[in-house]
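Residue strings, one per chain:
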Amino acid sequence: MPVPMYKKIADELIDKIEKGELRSGDKLPTEVELGGAYGVSRITVTHAVRILQNRNLVYRVKGSGTFITRRPAAGVGGDARPATGVSFISVIFPQGEQNGAHETLMGIENECAEGDFYVTIHNSKNKHALEHSIIVNLRDQGCGGIIIYPCFAAHRNVDIFSELIIRDFPFVFIDRHMDFLRAPFVACDNEPAMRALVAHLIERGHTRIGFFCNSIEAVPSEHERFKGYCEAHIDARIPLNQGLVFRRTRNFENPGDILDMDEKYSQHHADQALSHFLGLPERPTCVAAVNDGLAIALMKAAIARGIRVPTELAITGFDDLNIAAHLEVPLTTVRQPFQKIGSEAARLLLLGRIKGNAPPDAEIRVPAEVVIRASAP
């Protein structure tokens, strides 16, 4: 794919800054002058200058023009350090108690520390309007780049996401893929991980395996895990049974209802799921929950009804939260490499997007590990 003209102009200007041909305090030619020099429109030049602005290489003075902030060290032309010397990137989570958030942040902070960046953390509370506001504020405050774990219904923020792409502002999505945008993305390798887990269950003799999820249509990671569930059945030549799939009842206009972390709320839906599975003409011998939270709630519901786990009903999860190994019946699950996901996201942001070396749609999938415990031996 040919390099866009605005990118060529930006690259040439960055090269001149690195070589000292443009020094701190120097004024850039006007957009009209640059347009004439390169034979392009003013819009193309504006786009090129925005790249330099986003990398904190230039600043505008109203009525005076655009000036070079500083000369970067050789070979590190757009490292997102503003003229003040403060260097930071930001992370936005959709919930304060996001599963794996602590480990993900450890990975991000460890990687950022090596590049002398510090990290700020923000909570969108699963509200797209708040997520939008946080992104705008960070962009305007000189943030060097953003790692975004999108809230539910993130398509509502396509305006600000597309603006970041147009301005070449460095950002990376984690966990939830925006397949309608060409944007960098890092996540667990959900499909093959769930496929391996369900294949293990089939090898252990389970041929009626339930699937308990929030929404395979609205949550990208759950869609991928469901695909792994389906593929494992097809590999084993076992026809899929739609009756063995239970989605939580929810109001799609209320994001908090989709991914609510409240224990009582999750338990209510786990009770509904268990009643559904037990009411089938042929009950499942195992249920694969789409995450550990639902698996734990389902296990509590089963034990409360006197159902023995795993003798009468085996249960598996996905995440390997810290509590998973310490339940009344330790949980068989998939161990998400949260810390690795965090470090890969930070590396893609810092070494790739900020320095301009990564493609705009770079995607990194981190392998996950099946962990066998007593709930589905």
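Described in the following lines is the structure provided in the data block. (Residues numbered from 1 in each chain as written. Predicted model: local features only at pLDDT ≥ 70, side-chain atom pairs only at ≥ 80, totals over all residues. Heavy atoms only, no water.)

This part is about helix 8 (residues 220-235). In this model, helix 8 (16 residues) spans 23 Å end to end at C-alpha, consistent with the 22 Å of a helix rising 1.5 Å per residue. The secondary structure elements touched by the buried residues of helix 8 are helix 7 (190-203), strand 8 (209-213), strand 9 (245-247) and strand 13 (363-366). The first or second residue beyond helix 8 is R237, which carries a positive phi of 60°. (Helix = DSSP H or I, 4+ residues; strand = E, 2+ residues; numbered from the N terminus. Expected span 1.5 Å × (residues − 1). Contact = heavy atoms within 4.5 Å.)

On to the side chain of S124. Note on placement: S124 falls in the loop between strand 4 (118-123) and helix 5 (128-140). Looking at S124, the relative accessible area reads 0%, which means it is buried. Not counting residues within four places of it along the chain, the set of residues in contact with S124 comprises I92, F93, P94, L130, E131, I134 and C151. (Buried < 20%, exposed > 50% of the residue type's maximum accessible area, 1.4 Å probe, protein only.)

For the rest of this paragraph, the subject is the sheet that holds strand 3 (residues 88-93). Taken in spatial order, the six strands of this open sheet run 4-3-5-6-7-13, and their pairing is parallel. The strands lining the two open edges of the sheet, one partner per strand, are strand 4 and strand 13. Between one strand axis and the next, the sheet turns through 20° on average, direction left out of account. One ladder, built from three bridges, connects strand 3 with strand 5 (residues 146-148); its direction is parallel. Bridge pairing links I92 to I148 in strand 5. Of the strands in this sheet, strand 3, strand 4, strand 5 and strand 6 (171-174) touch helix 4 (residues 101-114), which is tilted by about 170° from strand 3. (Pairing = 2+ DSSP bridges. Axes fitted to C-alpha atoms, helices over the stretch in contact; angles between N-to-C directions.)

Along the chain, F246 turns up in strand 9. With a relative accessible area of 11%, F246 lands in the buried category. As a C-alpha pair, F246 and V287 span 41 residues in sequence and 9.9 Å in three-dimensional space. Setting aside chain neighbours within four positions, we find F246 in contact with F211, F212, C213, H269, Q272, A273, H276 and F277.

This brings us to the sheet that holds strand 8. Hydrogen bonds between backbone groups are what pair the strands of a sheet, and the pairing can be parallel or antiparallel. Pairing is parallel across the open sheet formed by four strands, whose spatial order is 9-8-10-11. Where the open sheet ends on each side, the last strands, each with one partner, are strand 9 and strand 11 (314-316). Sheet twist, expressed as the mean angle between neighbouring strand axes with direction ignored, is 20°. As paired strands, strand 10 (residues 286-289) and strand 11 are joined by three bridges and run parallel to one another. Residue pairing across strands places V287 opposite I315, the latter belonging to strand 11. The sheet strands contacting helix 7 are strand 8, strand 10 and strand 11, and the helix crosses strand 8 at an angle near 150°. Where helix 11 (residues 292-304) meets the sheet, its contacts fall on strand 8, strand 10 and strand 11, and the angle it forms with strand 11 comes to roughly 155°.

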